[in-house]
Amino acid sequence: MKLSRRHFIQLSGLGLMAGPTLVTASPQTETPHQSESGVRRLRLVLKPESHHWFAPLGEPVGLWAFDRDVLRLRQGEPVEIEVENQLPDPSSVHWHGMRIDNPMDGVSGLTQEPIAPGERFIYRFTPQDAGTYWAHSHHKTYEQLARGLYLPLIVDEQEPVEVDRDLVLTLDDWRLNEARQFDTASLGAMHDWAHGGRTGNLLTVNRQLQPRFKVKGGERIRLRLLNTANARIMAVRLPDLPSWIWAKDGQPLTTPRGHSGPLLLAPAERYDLVVDIPAQAQGALAIQLQTDGAPIDLALLQIDGQIDGQIGQGERDEPQPLPANPLPQLADQPVDHRVQLDMTGGAMGGLRQAVYGGQTLSTRELVQNKQIWAFNGVVNMPEQPLLEVRSGDLVEVEMLNNTRWPHSLHLHGHHFQSDLARYNQGLWHDTVVMASGERTKIRFRADKPGSWLLHCHMIEHQAAGMVSWIRVRA
Ligand SMILES: [Cu+2]
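Residues numbered from 1 in each chain as written. Predicted model: local features only at pLDDT ≥ 70, side-chain atom pairs only at ≥ 80, totals over all residues. Heavy atoms only, no water.

Looking at the coordination of the copper ion
Now for step 1: Distances from the copper ion to its protein donors, namely His407 (ND1), Cys456 (SG) and His461 (ND1), fall within the range 2.0 Å.
Now for step 2: Counting residues between consecutive donors of the copper ion along the chain gives the motif H-x48-C-x4-H. Of the two residues, His407 sits in strand E27 (residues 407–411) while Cys456 sits in strand E31 (residues 450–456), which places them 49 residues apart along the sequence. (Donors = N, O, S within 2.8 Å, 3.2 Å for Na, K, Ca; no water. Helix = DSSP H or I, 4+ residues; strand = E, 2+ residues; numbered from the N terminus.)

Okay, structure coming up:
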């Protein structure tokens, strides 16, 4: 079975009748608060969502949020982020795609204790890589992510990149009930966990319905796309304009690649694109989600005049590559460790038994424990890591998707390369999507000591078993 449109569940028109929201400005870099030591100090609050953005029904029910829309950091600038938990439940913050020290990785139960309600935790790190990342809860993630506990995280290059506009589009879907409220009753539903995960019936961009982004004719735009959905793989159709892929999962391509057609974003994947708006463009240009039926408008680029001067009047030169990040290189090096990761289970997967908590259980017993997916015959976190390596070792993991479902595999703390034909060779990833029956070899240099998760980012699959870890010794 290939990744096909039948994975994209038909959306109802629920909520999409609401009027579009006009977005007038792109998120700005906030004023830095630097201490004398040169460390920038920030505070983030996890809290219940205070305003309703999808239905005018008074107080929102069950939605959670960070207390800002976007977090912008600067490459190479040390940062100290105090996270305060004002939620009724414990939580933690994972900095997805950031190559930082293991104790700052934010995985509750592995790299830290969860932050209790009313408590704080200070995350300290220095962003090594510029690019598009995100922060999200890594505690009971299937629930907290669905409730909205995520935040786009932009790391600005040390020298500004030349574009006329920088837009961040955070794509998500939400499941609403018949009262058009966030559906809390179905959180943790086993049917979702055993199938394609929790998909929603309402699409948003930056937590808004069909926002309009003002742009000008002649502009060159950096368009950052990020899929924060729990489980929905999105095929995004861009307006038919000169476009290039500039970066994947934060990491620049050596040569920007011209792009047309739908762009597939599995949960947690990001793309940075360059999009040139023709000088004479008018009206609104739609960014759409491809579905089984008619495409759905996710957001609109609203043309609002033209930029001044000569630049942008004609076709522009192809974009230069973004400055490279200091990734450890892989080319022409002998592999130190090879290991297989065999994915089994799920609905129609024929899983008979698997090891859970050190015991071999039948499928029925597994389901009683809400477990149904296995890595190498083990469901959920094994006591022993998938692999134990030394810092500096080159690692190859051969991943086989022996299930009937696609999966979005994420490795913490490292970027890797994959030989999947779907992706351009040489691309770096922290997350790749694998179709049913597919296999890929991923390679990375384990350069950070600690315990690093490897899990499916269709996050119900992680909750129901698809998670392991790698130990890197100093
Ligand atoms: Cu999965």
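Let us keep going from here.
Notes on the pairing of strand E25 (residues 387–390)
Now for step 1: Of the two faces of E25, only one is covered, namely that formed by Leu387 and Val389; the face formed by Glu388 and Arg390 stays uncovered.
Now for step 2: Pairing of E25 with strand E32 (residues 467–473), which is carried by 4 bridges, proceeds in the parallel orientation. Bridge pairing links Glu388 to Arg471 in E32. (Buried < 20%, exposed > 50% of the residue type's maximum accessible area, 1.4 Å probe, protein only. Pairing = 2+ DSSP bridges.)

Considering the nonpolar core
Now for step 1: Core analysis: the largest hydrophobic core is formed by 89 residues, its most contacted members being Leu169, Leu223, Leu225, Val236, Leu273, Ile277 and Met399.
Now for step 2: Per-element tally for this core: the top contributor is strand E20 (residues 296–306), with 5 residues.
Now for step 3: Counting residues domain by domain, this core receives three or more from each of domain 1 (165–306) and domain 2 (337–473).
Now for step 4: Among all residues touching Leu225, those that are not within four sequence positions of it are Leu169, Val236, Leu238, Leu263, Leu265, Glu269, Arg270, Tyr271 and Leu273.
Now for step 5: Phe66, Val83, Met98 and Tyr133 belong to the second largest nonpolar core, which has 25 residues in total. (Core = buried A, V, L, I, M, F, W, Y, C linked by side-chain atoms within 4.5 Å. Domains from an automatic or database assignment. Contact = heavy atoms within 4.5 Å.)

A short note on the pairing of strand E5 (residues 79–85)
For a regular strand, the rule is simple: side chains alternate between the two faces of the sheet.
Now for step 1: Of all 7 residues in E5, 6 are buried, a share of seventy percent or more.
Now for step 2: Pairing geometry for strand E2 (residues 40–48) and E5, over 7 bridges, is parallel. Across the sheet, the residue bridging to Val45 is Glu84, located in E5.
Now for step 3: Relative to strand E7 (residues 120–125), E5 runs antiparallel, the two being bridged by 6 bridges.

Some remarks on the sheet that holds strand E18 (residues 270–276)
Now for step 1: The sheet built from 6 strands is open, its strands ordered E11-E10-E13-E18-E15-E16 with mixed pairing. Where the open sheet ends on each side, the last strands, each with one partner, are strand E11 (202–205) and strand E16 (251–258). On average, each strand axis in the sheet is inclined to that of its neighbour by 20°, with strand direction left out of account.
Now for step 2: Both strand E15 (residues 243–248) and E16 contribute to a ladder of 4 bridges, which runs antiparallel. Following the sheet pairing, Ala247 is matched in E16 by Pro252. (Axes fitted to C-alpha atoms, helices over the stretch in contact; angles between N-to-C directions.)

Concerning the packing of aromatic side chains
The description of an aromatic ring pair rests on the distance of the ring centres and on the angle between the ring planes.
Now for step 1: Applying the stated criterion across every chain, the model contains 6 aromatic pairs.
Now for step 2: Ring geometry for Trp95 and Tyr123: centres 5.3 Å apart, planes at 75°, overall edge-to-face. Here the residue Trp95 occupies a position in strand E6 (residues 93–96), and Tyr123 occupies one in strand E7, the gap between them amounting to 28 residues.
Now for step 3: Using a relative accessible area of 0% as the deciding quantity, one classes Tyr123 as buried. (Phe/Tyr/Trp six-rings, centres within 6.5 Å; stacked < 30°, edge-to-face > 60°.)

These results come straight from atomic positions and should not be treated as a statement about function.
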